[in-house]
Amino acid sequence: MDATQDVLGPGYEAFRLPLGRDAEGEVVATLVRRRAPEPSRRAVLYVHGFVDYFFQTHLADFYVARGYDFYALDLRKYGRSLLEHQTPNMIHSLSDYFTEVDEAVRIIREDHDVLLMNGHSTGGLITALWADRVKGRGLIDGLFLNSPFLDINAPAVVRRVGAGLARTLARPRPHTRLPASVSELYPRSIHRDHDGEWDFDLAWKPIEGFPVRAAWLAAVRRGQLRVHKGIGIDVPVLVMCSTRSVKPKPGMDALTRADAVLDVEQIARWSTRLGDHVTLVRITDGLHDLVLSAEPARKKTFAELDRWIGAYLAPTAEPSTSPG
């Protein structure tokens, strides 16, 4: 497998994973790697959320400082893996993503004895379903879910109507744009050119987002309902989310101190259905992506993750630095 230097610069390598073809043509995923300072048999695999890709270098800093080789997967039709002929984020079943997750895990497991999986938002839902699928095979040793997308943040009647519409259209008109989106106020609150402190590629993670397609939403809802019925992840699971959610409005100060994307009470409720060994931690003033929160909440997130890793995974190296 040939590596090239990643867009993040020195220290980061990128590997293209060919995935064959679908109705739109060639499909690829991208595996990004940053090695720990010393040779390591421990690794972590990060999977991003919707309208997202891996750019959080301080998350990689956290893991490599603890002796973990860091890997991140840009899923098909996201970020580094989005090709010109493709509809961004388009998918018909969340299980389609299992192909690239399987391949990433196979590659990582060739050289590592311990593997932690880390999923954010939609990536949290995908990795939870994947972990349930491979239970009993010893492929991962723990699962950390950062604000996983376990339910649709809308009133019950809107969830039913929206999911029903998506399900009806998913086969005959899968690309239909639905009247649903993530408010642009959240990405504005985190990008350094607007109200935040973080830099990311606005072609891969645009402020206005990407359209929500019927097939994508139907696939997500099927996955969420599977979790609601109860799945059986057989490794320790850490779920973290903010202590509160807000409906974003222009000029709202709380945008920088709450989850403006998902309902954190839904996350807390459904996390109990993931498996028998689930730890739930709530972060005061945490954003939707907790590692992009303001410094106090961000440090609390990393401290809780560090504590959990020390308790449930193999002993780690002493951290050489604190994450930014």
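See above for the structure.
For clarity, every value in this text was computed on a predicted model and none was experimentally measured.

Parameters at a glance
Each chain carries its own residue numbering, running from 1 in the direction its sequence is written. Local features in this predicted model are restricted to residues of pLDDT 70 or higher, and side-chain atom pairs are both shown and tallied only at a pLDDT of 80 or more, whereas totals for entire chains, interfaces and linings draw on every residue. As a convention, hydrogens and water are excluded, and side-chain values are obtained from all of the structure's heavy atoms. Exposure is judged per residue with a 1.4 Å probe applied to protein chains only, and the accessible area is read against the type maximum: over 50% gives exposed, under 20% gives buried, and values in between give partly exposed. Secondary structure elements follow DSSP: runs of H or I no shorter than four residues count as helices, runs of E no shorter than two count as strands, and numbering proceeds from the N terminus. We call two residues contacting when some pair of their heavy atoms lies within 4.5 Å. Whenever two N or O atoms come within 3.5 Å, that pair is a polar contact, provided that in protein one can donate a hydrogen and the other can accept it, and provided that, for residues adjacent in sequence, both atoms are side-chain atoms. Here a cavity means grid points, on a 1 Å grid over the protein atoms only, where a 1.4 Å probe fits yet cannot get out; a pocket means an open set of points with protein on both sides within 12 Å along at least five of seven lines; lining residues are those with an atom within 4 Å of a point. Grid points are joined across faces, edges and corners, and a volume is the space filled by probe spheres set on the points. Take the buried Ala, Val, Leu, Ile, Met, Phe, Trp, Tyr and Cys residues and link them wherever side-chain atoms come within 4.5 Å; each set so joined is a nonpolar core. Residues were grouped as follows: Ala, Val, Leu, Ile, Met, Phe, Trp, Tyr, Cys and Pro as nonpolar; Asp, Glu, Lys and Arg as charged; and all remaining residues, including Gly, as polar. When DSSP finds two or more bridges between two strands, those strands count as paired.

J.: How should helix H1 (residues 57-65) be read in this particular structure?
T.: The α-helix winds at 3.6 residues per turn, so residues separated by three or four positions along the chain end up facing the same way. Most of H1 sits out of view: seven of its nine residues are buried. Within H1, the full set of buried residues consists of His58, Leu59, Ala60, Phe62, Tyr63, Val64 and Ala65. Residues of H1 that are buried make contact with strand S3 (25-34), strand S4 (42-47), strand S5 (69-74), strand S6 (114-120), strand S7 (142-146) and helix H8 (295-312). Phi turns positive, to about 85°, at glycine 67, one or two residues after H1.

J.: Help me understand helix H7 (residues 264-271), please; the structure alone is not making it clear to me.
T.: For H7, a buried count of six out of eight residues is recorded, marking the element as mostly surrounded by other parts of the structure. Buried within H7 are the following residues: Val264, Gln266, Ile267, Ala268, Trp270 and Ser271. Structurally, H7 contributes buried residues whose contacts are with helix H4 (156-170), helix H6 (214-229), strand S8 (237-242) and strand S9 (278-283). Between the side-chain oxygen at the start of H7 and the backbone nitrogen of glutamate 265 there is a gap of 2.9 Å, and the oxygen is on aspartate 263.

J.: How should the layout of surface pockets be read in this particular structure?
T.: Empty space among the atoms becomes visible once a probe the size of a water molecule is rolled across them. By volume, the largest pocket amounts to about 830 Å³. What lines the largest pocket is a set of 38 residues, and nearest its centre among them are Ala180, Ser181, Val182, Val212 and Val261. In terms of residue count, H4 provides more of the lining of the largest pocket than any other element does, five residues in total.

J.: Help me out: how do you make sense of the nonpolar core in this one?
T.: In a soluble, globular protein the nonpolar side chains are often hidden away together inside. Leu45, Tyr63, Phe70, Leu73 and Trp130 are the most contacted members of the largest nonpolar core, which totals 110 residues. The dominant element in this core, judged by the number of residues it contributes, is H6, at seven residues. Those residues in contact with leucine 45 that lie beyond four places of it in its chain are Leu31, Tyr71, Ala72, Leu73, Ala104, Val105, Ile108, Leu115, Leu116, Met117 and Asn118.

J.: Please clarify how empty space enclosed by the protein should be interpreted in this entry.
T.: Under the criterion given, the structure shown has one cavity of 30 Å³ or more. What lines the largest cavity is simply Ala131, Val134, Lys135, Gly136, Arg137, Gly138, Leu139, Ile140, Asp234 and Val235. Of the residues assigned to the lining of the largest cavity, the class counts are five nonpolar, two polar and three charged.

J.: Sorry if this is basic, but what is going on with the pairing of S3 here?
T.: Remark: a regular strand shows side chains that alternate across the two faces of the sheet. Where burial is concerned, most of S3 is hidden: eight out of the 10 residues are buried. Sheet topology places strand S2 (residues 13-22) next to S3; eight bridges connect them, and they run antiparallel. When the sheet's bridge partners are listed, aspartate 22 is paired in S3 with glycine 25. Linkage of S2 to S3, two consecutive antiparallel strands, is achieved through a turn of two residues. Of the strand pairs in this sheet, S3 and S5 are connected by five bridges, and their pairing is antiparallel. Following the sheet pairing, arginine 34 is matched in S5 by phenylalanine 70.

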